[in-house]
Structures are given as structure tokens and as C-alpha cells.
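Coordinates in review
Listed here are the chains, written in short residue letters.
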Amino acid sequence: MIHETTQGAARLLAVQRAAFDAQRAPDAATRIARLDRLLQLVDANEAAFAEAIDADFGGRSAHETRLAELFVVRAGIRHARATLRRWMAPRRVRTDLHFLPGHNRLMPQPLGVVGIVSPWNYPLQLSLGPALAALAAGNRAIIKPSELTARFSDLLQRLVGQSFPEEELAVVTGGVDVARAFVSLPFDHLFFTGSTAVGRQVAQAAAANLVPVTLELGGKSPAIVDPSCDLDVAVPRIAFGKLLNAGQTCIAPDYALVPQGSAEALAQRLSAAIARMYPTLVANPDYTAIITERHRARLVELVAEARSMGARVVEVNPAGERFEGGTRKLPPTIVLGATREMRLMREEIFGPVLPVVACDGVDDAIAYVNERDRPLALYWFGDDDRNRDRVLERTVSGGVTINGCLTHFAQEHQPFGGVGASGSGAYHGEYGFRAFSKDKPVYYQSRVGLVPMLMPPYGKPLDALLAWFSRGR
């Protein structure tokens, strides 16, 4: 069934809300069955998803789709299935002495209907990752994927329609007008992944209906190279983190902070590491293209401006290829001498361009990070535990990987989410279940205890009881 209009999204919300009202507390077996269908959908259509995403990008590595999208979604579903019954169980919480022998419990309940707005850079993972958490929590969900990955969006809509009735899970396609109307609907929770600028608009639209939101945004995530760092280990990992999906990753290292005097040497090592990973670029199926010509032109402009302002630009093109004639691929680019006035250092890059900035020690690196909006990710490379702990304690970021890039995202036992301008709220694993649940506090009052003494007529017994309470007993 096709849902491509604003009226279609509103109708779906009404259908799902009616279905939720008829079954407000789906049991574990029902939820696991929904997760099983989602896993079957992914398993049966791996090749089709990879082909659709490749076509949308004009060249997207199938291995990257399998690694960064399909693997992550499968792992999330399997983890949820294995631990769902424990997540659903009411949790005991402590009861203060003066309310005994009554007792407290927290009972997780589904919220209702969840709206999910997913971006183009990881269209499968960032659609189905939030969806699996919403389903595990007992909700219904509607996904609005990006119009920039139209082939994938049409495929997802068709496959979800074949595997799920629309009152459980549905997909709405369409352009920016549909997206604007979608985020203005009175969902029970709205989940958005995208840019900080659009995230502000989404939050404002949701606020009109007092809809709670989870915002997974982005920002300029630093990679800090400590003087104690083993460059043979760090450099390939930074290159991998930067060039996965051609840098079109919200947690990609946006820039590198290196010790004074080491920028040139690091650039040489990066060039060599990149050449080993990608000996060719234009026809290399491992190297992903930029999503649209508009996005590519922006990256070219950022680099050109940096060069015009005095930066040294190192283009890594091992085979000396020409990037013309229909390709949207952009060669990996290292920028030395970038300054804070350049757009390159003021905007999230979101492409295969890495500025390298020299710092006078760990305190200077920390100050550089803290002068900017709080990033979605931070990476630290080194062997000096004291410097590592100083960075961890004195910076605030969404998440951190030590001596690596990106891999904190795939930890199902840890939350993933931003802070400040890089987002609000978190998900993955149990944290996703909690994000889409209401922990209802329930106090089970006993027939005996002190509570009857709190009722009128008031007098000396209550005075004595309040005096006892005030002493903290």
C-alpha cells in the first residue's frame, strides 16, 4: 500500500492508534513475533537492499551496507529478542522505611505510536534500528525515510507492507512537504536522525503537540592524537573511520588534533594508509560515492575556500584518476593548516575530507574541543592513561571510542546518543526499549503501616510522626 501524502500519514497514525488502544500491552510472544518478521525481512532481502542503496548513491560499497547497516540491524534484533522478557519485567525499587511494609515497582509500558524520520546516509540501519526498539517496547511505528534514497525508500515500503499489517509497522514516502507534515503529527514519540539545523525545526514542530522527541544529530567529532600514540595503529583506524561511506557518517572523525610539528608526518602516513585501502577510487566498488551532486559541490567548495585562505590541500589519488564524466566520487582529501575561520572548521564536513590541526599539548586539544558545540563522538589515540582520563573527564560528547573509530556505536549494552547540539535522548539495546517505554511507578500500599496516621483529624500523633521524619530516620 502506498502512503505518499500528508493525509496518508495522518490516516496511518489514526489506524495505528486505534490498534494500540485495542491492545495496549502486547505480551512478549507478540513482540518477539514482530521482531522475527523484521529479521526475516532483512535476511530475505539483503541483496535487494544493497542494490537499491548502491543505485541511490551512484556507487555504494555492498560490503559497507552489509557491515554498517545489515549487521547492525541484525545484531540489534537478536539482542532484543534474547533479553526482551527481562526488559519487560517490573523492576523493584527501594521503599523508604516509613512506607513499609508497602513496596514500589516500576512497570514499563509502551507509549503508543512512534514516528521515525530517517536520513539518507545509512537509510536501512537508521530506519530499522529505531523501529526494532519501538516494536520491542510494544509500540506501533511509522517510518518516513529520506527522499534522497528514493529506490531504497520504495523498496522498504513495499517489503514492510508485505511483512506487516499497516496497523503494526508502515512506511510513508514523499518529499520535504510530507516530512514537514509528518513531524507535525501528534505521535506519542518522535525519533529523528539528521542534521542539527533540521533537528531544531523538528523539535519546534513536535513541541506544538508536546510530543517527546529523540534527536540523533551530528556535529564536528574530533580525533585526538596523543603524543604517546602508536601511529602505526592509529592512522589506519582514523582513515577507516573517516572514509567509511565516504565520510558520510554522523560519527565520522570530522577533524584530527595532533601534537605540534607532527601534522605533515601524519598526513604522509594517512596518504599511505588510504592508498593501501583504496589503490583505485573511481571504479573501486569499496569506495562510496557522494549522495548527490549538490552535496559533492559543497565539499569541493569547502576545500577550495580552505586552499584560498592559505591551507595546504593533499588530495590522495593513488592511481592518478580523473573525477569527471558522471562520477559523484570525491578523492580523499587531507587539509593542513585549517583555521577556525574556514567553513571547513565551522560546519560538519560529512565527506572524505579531513582537516589536521596542530595543538600545544593535551590541554590545548581539550580547550579546542570545548570551544565548540558538544560533538556526537570523540576519539582518542594513545597509551598515556593519565592523558586519556583527562580528556574523558574534561570533555563532553555523545560517545567515545578509545584507540579506534566508530565502534562504540555497535555496542548493544551501551546507549548511543548525542548531547547538546549533537542530540538528545539515546537508544540501542535496553536503552532503546526504555526510550520508547513509560516506566510507570506503582506503590503497593499495605493494610498496615504509618499511612493511616497521615489522615485527618490531625493532632499530636502526626506532629510526632513529622518530627521523626524530619530527623531523617
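Residues numbered from 1 in each chain as written. Predicted model: local features only at pLDDT ≥ 70, side-chain atom pairs only at ≥ 80, totals over all residues. Heavy atoms only, no water.

Quick notes on the overall build of the chain
Summing up its helical and strand segments, the chain has 16 helices and 16 strands in all. Taking 473 residues into account, the globule formula puts the C-alpha radius of gyration at 23 Å, and the chain, at 25 Å, falls close to it. Overall, the C-alpha framework of the chain stretches about 90 × 55 × 40 Å when taken along its three principal axes. Sorting the 473 residues of the chain into buried and exposed places 52% on the buried side. A fraction of 74% describes how many contacts in the chain between residues 6 or more apart in sequence connect residues 24 or more apart. If you sum the accessible surface of the chain, you get close to 20600 Å²; carbon and sulfur atoms cover 54% of it. Distance from the positive charge centre (52 side chains) to the negative charge centre (49 side chains) of the chain: 7 Å. (Helix = DSSP H or I, 4+ residues; strand = E, 2+ residues; numbered from the N terminus. Rg over C-alpha atoms; globule rule 2.2 N^0.38 Å. Buried < 20%, exposed > 50% of the residue type's maximum accessible area, 1.4 Å probe, protein only. Contact = heavy atoms within 4.5 Å. Areas by Shrake-Rupley, 256 points an atom, 1.4 Å probe, with all protein chains shown as cover. Lys, Arg positive; Asp, Glu negative; His and termini not counted. Charge placed at Lys NZ, Arg CZ, Asp CG, Glu CD.)

A look at the sheet that holds strand β7 (residues 213-216)
Spatially, the 6 strands line up as an open sheet ordered β5-β4-β3-β6-β7-β15, and their pairing is mixed. The sheet is open, and its two borders are formed by β5 (169-171) and β15 (423-424), each paired with just one other strand. Bridge count between strand β6 (residues 189-193) and β7: 4 bridges; the pairing is parallel. Each bridged residue has a counterpart across the sheet, and for Leu190 the counterpart in β7 is Val213. Packing of helix α5 (residues 125-136) onto the sheet brings it into contact with β3 (113-117), β4 (140-144), β5 and β6, and relative to β3 it is tilted by some 165°. (Pairing = 2+ DSSP bridges. Axes fitted to C-alpha atoms, helices over the stretch in contact; angles between N-to-C directions.)

A few points about a nonpolar patch on the surface
A contiguous nonpolar patch, built from Leu67, Phe71 and Phe240 and spanning about 290 Å² of accessible area, is present on the exposed surface. Among the structural elements, Phe240 can be located in helix α9 (residues 231-243). Of the residues examined, Phe240 reaches a relative accessible area of 33% and is grouped as partly exposed. (Patch = residues over 30% accessible without salt bridge, like charges linked within 9 Å, V, L, I, M, F, W, Y side chains within 5 Å. Salt bridge = Lys/Arg side-chain N within 4 Å of Asp/Glu carboxyl O.)

With respect to helix α7 (residues 176-183)
Each α-helix winds once per 3.6 residues, and so residues spaced three or four apart point in a common direction. Of the residues making up α7, those classed as buried are Val178, Ala179, Phe182 and Val183. For α7, the arc enclosing every buried residue in end-on projection is 125°, short of the 170-degree limit, so these residues lie on one face. When the buried face of α7 is taken as reference, the exposed residues oriented beyond 90 degrees from it are Asp177 and Arg180. (Arc of directions from axis to C-beta.)

Here we look at the side chain of Thr193
Residue position: Thr193 is located in strand β6. Residues in contact with Thr193, not counting those within four places in the same chain, are Val117, Ser118, Pro119, Leu126 and Glu216.

A word on the side chain of Ser437
Tracing the chain through its elements places Ser437 in strand β16 (residues 437-444). A polar contact of 2.7 Å, which involves the side chain of Ser437, links it to the backbone oxygen of Phe433. (Polar contact = N/O pair within 3.5 Å; in protein donor to acceptor, adjacent residues only side chain to side chain.)

Quick word on the pattern of salt bridges
Applying the stated criterion to the full structure yields 29 salt bridges. For Arg151, the salt bridge identified is with Asp56, shortest N-O distance 3.4 Å. With Arg151 in helix α6 (residues 150-163) and Asp56 in helix α3 (residues 46-57), this residue pair connects regions lying 95 residues apart in the sequence. A relative accessible area of 6% places Asp56 in the buried class.

Here's the deal with the packing of aromatic side chains
Scanning the entire structure with this criterion turns up 13 aromatic pairs. Consider the rings of Phe416 and Tyr427, whose centres lie 6.3 Å apart with planes at 75°: the pair is edge-to-face. Taken together, the residues span a long stretch of sequence, with Phe416 in the loop between β14 (399-402) and β15 and Tyr427 in the loop between β15 and α15 (429-435) at a distance of 11 residues. This pair shows no difference in class: Phe416 is buried, exactly as Tyr427 is. Members of the aromatic cluster, connected to one another through ring pairs, are Phe191, Phe409, Phe416, Tyr427 and Phe436. Here Arg60 stacks its cationic end above the ring of Phe57, 5.0 Å away from the centre of that ring. Positioned over the ring face of Tyr368 is Arg372, at 3.7 Å from the centre of the ring. (Phe/Tyr/Trp six-rings, centres within 6.5 Å; stacked < 30°, edge-to-face > 60°. Lys NZ or Arg CZ within 6 Å of the ring centre and 35° of its normal.)

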